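# Breakdown of the fold
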Amino acid sequence: MGRAKVFGVIALKGGVGKTTVVSNLGASLARDYGKKVLMIDANFSTPHLGLHLGLLNPKYTLHHVLNDNLSIFEAIYQHELGFHIIPGKLAPFQTAPLDLKNKLEELRDIYDVILIDSSPSLNEEMYATMAASDELLVVSSPDYPTLSSTIHAIRVADKREAKIHGIVINKAYKKKFELSKRDIEGASGSKVLSVIPENFRVLSSLSRMVPMIVNFPRQNVSLEYRRLAGLLVGEKTKRWFSKTKKVTKSKTKKKKTKKNATK
Amino acid sequence: MVIDRFYLSNGDSAGDLRELLSRLRVVDEECFSHHVNKKKNDFANWIKKCVKDKVLAKKIEKLKSKEKIILAIDKRINTPARVKKRIIRKIKEAILDGAS
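Residues numbered from 1 in each chain as written. Chains lettered and ligands numbered in written order. Predicted model: local features only at pLDDT ≥ 70, side-chain atom pairs only at ≥ 80, totals over all residues. Heavy atoms only, no water.

### Things to note about the overall build of chain B
Selection criterion: Note on conventions: DSSP H or I runs of at least 4 residues are helices, E runs of at least 2 residues are strands, and numbering of each starts at the N terminus. To get the radius of gyration, use the C-alpha atoms; to get the globule rule, take the number of residues to the power 0.38 and multiply by 2.2 Å. Throughout, exposure labels follow a simple rule: accessible area from a 1.4 Å probe, protein chains only, divided by the maximum for the residue type, with under 20% read as buried, over 50% as exposed, and the rest as partly exposed. Here a residue-residue contact requires only that any non-hydrogen atoms of the pair lie within 4.5 Å. Each accessible area value is a Shrake-Rupley result obtained with a 1.4 Å probe; residue values ignore everything except the protein chains displayed when judging cover. Think of it this way: Lys and Arg go in the positive column, Asp and Glu in the negative one, and His and the chain ends go nowhere. To locate a charge, take atom NZ for lysine, CZ for arginine, CG for aspartate or CD for glutamate.
Helix and strand counts for chain B come out as 6 helices and 2 strands. Secondary structure of chain B in N-to-C order comes out as β-β-α-α-α-α-α-α. Radius of gyration (C-alpha) of chain B: 16 Å, far over the 13 Å computed for a compact globule of 100 residues. Its C-alpha atoms give chain B principal-axis dimensions of roughly 55 × 25 × 25 Å. Taking all 100 residues of chain B together, the buried fraction comes to 38%. Here the analysis covers contacts within chain B between residues at least 6 apart in sequence; of these, 50% occur between residues at least 24 apart. Put simply, chain B shows about 6700 Å² of open surface, and 54% of that area lies on carbon and sulfur atoms. The average position of the 26 basic charges and that of the 14 acidic charges among the side chains of chain B differ by 8 Å.

Next up, the structure:
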C-alpha cells in the first residue's frame, strides 16, 4: 500500500452521473482489484453519495470535519462491500470546503485510491475538489449542453493547474445523433477514457442503494465501469471479457453438437 | 474557388449554396417563378455549372416548388455531421469569449 492517488470526479452540470461513476468505480476498485478505497462526498450543497450506498443518516460527516474540527477519522464509515466512505450531511450547513486538501493529507498513507465526488457548481466547492485531487475525471454525456459544461470545466481546471486524467462519457445510447467520442475529444482537447452506455438497470440499482457493478456485474455498464477502474490503477481487465467470450463459444459448440446429434 | 454569383430578378444575389438558401427563404413567388417555370430551372443550372454539384442540380432540376427546392438545398448543406461541427465550433467560441 503506497500513498493514495486522489481522483476528483467533476462535472459542471447536474444529473450527468458523477455520483454513480464514483460509487461504481469505488466498488469495482475494492472488489475487483482489491484496492483500499475511500470515497468522499464533497458535493457540499447536495451530498447524495450516501444515498447511492445505503448510508442514510450518518452521525458524522465531511461537513462536521470541516466545520467543527472533528477528526476526519471519525467520519469514515466502513461499507459492507469493502470500501470506506466519508458522506456529506443531507441537510447541509455552511462549511469551509477549501480545507479538504489539508484534511486528506492524513489519509493518503492509508488508502490506495481516494475518489472525491464533486459539486456541479462552479464555486469553492468545486475548487476544493480540484485542489485536493491529483487528477480529475470529467463526467460528460454525449449532448451539446453537457459538452459545453465539459469544455468549461476543463478550462477552469487548466486555469487552476489541476491535471485532467480524462473524460468519462456517461449515458450514451450510441445513436448517430449523439456526439461521438471523437467529437468530444476534438472539442475538449482531452482524452475520453470510457463510454458508459445508458441502461435502466442503473436506476434499478440506485433504488436498492447498491452499485450497479454489484447488482448486475455482467451488464455492459458494469463491465465498462470495471474496465475503467482497472485503467485508473493500471491493471488489466481482460478476465471478465474473455470469460464471457469462452462461455458463449462453448454454448454455441454445444448447440451445434446437439443439432448434429438430432440429424 | 470563386463562383459566379447568381443574380435573382429582385436584385439580390448569392455566391454559394448557403447564401442561395437564405435568399430563397425570403424570395416572393413572382421572383421565384421567374427563375423556375416549365421552360427552365435557373437554380439547377447555376448549381450544376457554377457550384459544380451535379447531384444536387439533378435533384433540383425536377422540382418546381419553392419549399421542395429549399428542403433539398438545406439537406445538402446541413448534413448532420456539418451541423454538429458548426454547433461545436460555436459552443467553443462562446466559452472562449466568455473566458476572455
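### Observations concerning the side chain of His-84 of chain A
With respect to the secondary-structure elements, His-84 of chain A resides in strand 4 (residues 84-86). For His-84 of chain A, the residues in contact, after removing those within four places along its chain, are Lys-36, Val-37, Leu-38, Met-39, Ile-76, Tyr-77, Gln-78 and Tyr-111 of chain A.

### Digging into helix 4 (residues 54-61) of chain B
Residues separated by three or four positions in an α-helix point in the same direction, a consequence of the helix having 3.6 residues per turn. Residues and elements named next belong to chain B. Applicable threshold: As used here, the arc is the angular range of directions from the helix axis to the C-beta atoms.
Regarding helix 4, the residues found buried are Leu-56, Ala-57 and Ile-60. One face of helix 4 carries all of its buried residues, which in axial projection span an arc of 100°. Seen from the buried face of helix 4, the exposed residues on the opposite side, beyond 90 degrees, are Lys-54, Val-55, Lys-58 and Lys-59. Contacts made by the buried residues of helix 4 are with helix 1 (17-26), helix 3 (42-51) and helix 5 (66-77).

### Points about the environment of Leu-17 of chain B
All names here are of chain B. Relative to the helices and strands, Leu-17 resides in helix 1. Residues Leu-17 and Ile-91 lie 74 residues apart in sequence; the distance between their C-alpha atoms is 24 Å. Ignoring sequence-local partners within four residues, the contact set of Leu-17 consists of Ile-47, Val-51, Asp-53, Leu-56, Ile-73 and Ile-77.

### Let's talk about the packing of helix 1 (residues 18-31) of chain A against helix 10 (residues 220-233) of chain A
All names here are of chain A. So the rule is basically this: Structural elements are reduced to axes, namely lines fitted to C-alpha atoms, with helices fitted over the stretch in contact, and the angle between N-to-C directions of any two is expressed from 0 to 180 degrees. The scheme is simple: roughly parallel for angles under 35 degrees, roughly antiparallel for over 145, roughly perpendicular for 65 to 115, oblique for anything else. Each residue receives one of three labels: charged for Asp, Glu, Lys and Arg, nonpolar for Ala, Val, Leu, Ile, Met, Phe, Trp, Tyr, Cys and Pro, and polar for the others, Gly being one of them.
In the contact formed by helix 1 and helix 10, the axes pass within 9 Å of each other and the chain directions differ by 70°. By the angle between their directions, the pair helix 1 and helix 10 is classed as roughly perpendicular. Residue-level contacts link Thr-20, Val-21, Asn-24, Leu-25, Ser-28 and Leu-29 of helix 1 to Tyr-225, Arg-226, Leu-228, Ala-229, Leu-232 and Val-233 of helix 10. Residue composition of the contact of helix 1 with helix 10, grouped by class: 8 nonpolar, 3 polar and 1 charged.

### So, the packing of helix 1 of chain B against helix 3 of chain B
Residues and elements named next belong to chain B. The cut-off we apply is this: When the near helix sits turned anticlockwise from the far one by under a right angle, the crossing is termed left-handed; a clockwise turn instead gives a right-handed crossing.
The N-to-C vectors of helix 1 and helix 3 enclose an angle of 165°; their axes lie 12 Å apart at closest approach. Considered as vectors, helix 1 and helix 3 are oriented roughly antiparallel to each other. The interaxial crossing formed by helix 1 with helix 3 has right-handed handedness. Facing Leu-17, Leu-20 and Leu-24 of helix 1, the residues of helix 3 in contact are Phe-43, Trp-46, Ile-47 and Val-51.

### Examining the pairing of strand 1 (residues 5-10) of chain A
Residues and elements named next belong to chain A. To keep things clear, this is the line we draw: Only when DSSP finds a minimum of two bridges between them are two strands counted as paired.
Buried residues dominate strand 1, accounting for 5 of its 6 residues. Here strand 1 runs beside strand 5 (residues 113-118); their pairing, made up of 5 bridges, is parallel. Among the inter-strand pairings, Val-6 is bridged to a residue of strand 5, identified as Ile-114. Strand direction decides the pairing type here: strand 1 and strand 6 (residues 135-140), joined by 4 bridges, are parallel. Among the inter-strand pairings, Gly-8 is bridged to a residue of strand 6, identified as Leu-136.

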